[in-house]
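Structural characterization, general
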Amino acid sequence: MNVRRLVVANWKMNKTAAETADYIDAFVVQLPSLPRDVEIVLAPPFTSICRAAAKREGSRVRLGAQTMHWELHGAFTGEISAPMLREFGVSHVILGHSERRAHCNETDRTVNLKVHTALEQSLIPIVAVGETLEQRRAGVTDDHVVAQTRAAFDGVDAGALAGVVIAYEPIWAIGTGENCEPAEANRVMATIRSSLQGLRETPILYGGSMNTGNVASYATQPDINGGLIGGASLDPDGFAQLIRSAASPP
Ligand code: 13P
């Protein structure tokens, strides 16, 4: 199985456009020393995307968005559509992040609508799934992430699934410093991979307190193909160091 590797920086609600420009200046000079086999995606806030697009031009850094609406245009105050993202060269979009499920009414149904729109609009969806601490303690982690995965890709052809990305982000591990043990994360991610036909070559990323100190222990796991990084992606030097340690094991 030759699954491509991907490291995605989810900046969440951090960095102004000016701070984004400074970050990318500091980050792109490190690219020659970063492993070629790891795709790099930065997902800044919407207000920084235009600046980020100009700053990363000509580099191999790809751009992601943190969410989008499923409609292409219309009366949806405050929302952003796929064509608006495409205009700036955005190639990836994070969908169903647990923070949006918890605070912004994102549901399995809206994630599914957005996945269809993303694929129709040639954006690569990065679908986030993951259990709460209560669900883990109740022993329903596997059932929950499998249900989220199947709901997200309902109606998508198995043949299209090699072109999507899934992120397993246990909610209790996000921003807490309590990362999920790599072997346990790998077990859940193997379960996600086998939950639908067509996921054999789909990159599945781990997210949740991943950092420069622990990334290498994830990179050696067979079903972990990279990371979706929050806090540890906010410093350009630290993020570059993390990517160095995320390369495939020799
Ligand atoms: P942290 O890396 O800050 O735990 O955040 C993970 C995450 O939610 C990325 O989407």
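This section reports on the structure supplied with the text.

Analysis parameters
Residues numbered from 1 in each chain as written. Predicted model: local features only at pLDDT ≥ 70, side-chain atom pairs only at ≥ 80, totals over all residues. Heavy atoms only, no water. Core = buried A, V, L, I, M, F, W, Y, C linked by side-chain atoms within 4.5 Å. Buried < 20%, exposed > 50% of the residue type's maximum accessible area, 1.4 Å probe, protein only. Contact = heavy atoms within 4.5 Å. Helix = DSSP H or I, 4+ residues; strand = E, 2+ residues; numbered from the N terminus. Arc of directions from axis to C-beta. Pairing = 2+ DSSP bridges. Axes fitted to C-alpha atoms, helices over the stretch in contact; angles between N-to-C directions. Parallel < 35°, antiparallel > 145°, perpendicular 65-115°, else oblique. Left-handed = near helix turned anticlockwise from the far one by under 90°. Near = heavy atom within 4 Å. Polar contact = N/O pair within 3.5 Å; in protein donor to acceptor, adjacent residues only side chain to side chain. Areas by Shrake-Rupley, 256 points an atom, 1.4 Å probe, with all protein chains shown as cover. Nonpolar A, V, L, I, M, F, W, Y, C, P; charged D, E, K, R; others polar. Phe/Tyr/Trp six-rings, centres within 6.5 Å; stacked < 30°, edge-to-face > 60°. Lys NZ or Arg CZ within 6 Å of the ring centre and 35° of its normal. Salt bridge = Lys/Arg side-chain N within 4 Å of Asp/Glu carboxyl O.

1. Description of the nonpolar core
Core analysis: the biggest nonpolar cluster contains 57 residues, and Phe27, Phe153, Tyr206 and Phe239 have the highest contact counts within it. Filtering out sequence-adjacent residues up to four positions away, Phe153 remains in contact with Asn112, Val115, Val127, Leu161, Val164, Ile166 and Leu196. Core analysis: the next-biggest nonpolar cluster, separate from the first, contains eleven residues, Leu6, Ala43, Ile94 and Ile126 among them.

2. Examining helix α10 (residues 236–245)
Within α10 the residues assigned to the buried category are Pro236, Phe239, Ala240, Leu242 and Ile243. The buried side chains of α10 occupy one side of the element, clustering within an arc of 160° when seen end-on. On its buried side, α10 packs onto β1 (5–10), α1 (17–28), β2 (38–43), α9 (215–219) and β8 (226–229).

3. Points about the pairing of β8
A regular strand carries its side chains on alternate faces of the sheet. Alternating positions in β8 separate into two faces, Gly226 and Leu228 on one and Gly227 and Ile229 on the other, with burial throughout. Where β1 meets β8, four bridges bridge the pair, whose relative direction is parallel. Opposite Val8, over in β8, you have Leu228 as the bridge partner.

4. Quick notes on the packing of helix α7 (residues 141–152) against helix α8 (residues 182–193)
Each pair of packed helices can be described by the angle between their axes along with the distance between the axes. Taken N-terminus to C-terminus, the directions of α7 and α8 make an angle of 40°; their axes are 9 Å apart at the nearest point. For the element pair α7 / α8, the angle class is oblique. In this structure, α7 crosses over α8, and the sense of that crossing is right-handed. Here α7 contributes Thr141, Asp142, Val145, Val146 and Thr149 to the contact with α8, which in turn contributes Arg187, Val188, Thr191 and Ile192.

5. Considerations on the site of the ligand
Every one of the 13 residues lining the ligand counts as a neighbour, but Lys12, His97, Gly175, Ser209 and Gly231 are closest to it. Ser209 places a main-chain nitrogen or oxygen 2.8 Å from an oxygen atom of the ligand. If the ligand stood free it would expose 310 Å²; the protein chains cover 95% of that surface. Residue classes in the shell around the ligand are distributed as four nonpolar, seven polar and two charged.

6. Quick look at the packing of aromatic side chains
Working definition: an aromatic ring pair is given by the centre-to-centre distance plus the angle between the planes. Summed over all chains, the structure comprises five aromatic pairs. Among the aromatic side chains, those forming a connected cluster through ring pairs are Trp11, Tyr23, Phe27 and Phe239. Directly above the ring of Trp11 sits Lys15, whose terminal nitrogen or CZ lies 5.6 Å from the centroid.

7. Section: unusual backbone geometry
Located in the positive-phi region is Lys12, a residue other than glycine, with phi close to 55°. Its place among the elements puts Lys12 in the loop between β1 and α1. Assessed through its relative accessible area of 22%, Lys12 is described here as partly exposed. Of note, Ser209 is a non-glycine position whose phi angle comes to about 60°, a positive value. Inspection of the secondary structure puts Ser209 in the loop between β7 (204–206) and α9.

8. Considering the pattern of salt bridges
Any two side chains of opposite charge can pair, on the condition that their charged atoms come close. Summed over all chains, the structure comprises twelve salt bridges. A salt bridge links Glu39 to Arg4, with the shortest nitrogen-to-oxygen separation between them at 3.1 Å. Taken together, the residues span a long stretch of sequence, with Glu39 in strand β2 and Arg4 in the segment before β1 at a distance of 35 residues. Residue Arg4 is classed as partly exposed on the basis of its relative accessible area of 28%. Between Arg187 and Glu184 there is a salt bridge; the shortest N-O distance is 2.9 Å. Taken together, the residues span about one helical turn, with Arg187 and Glu184 both in helix α8 at a distance of three residues. The partly exposed category is assigned to Arg187, whose relative accessible area is 37%.

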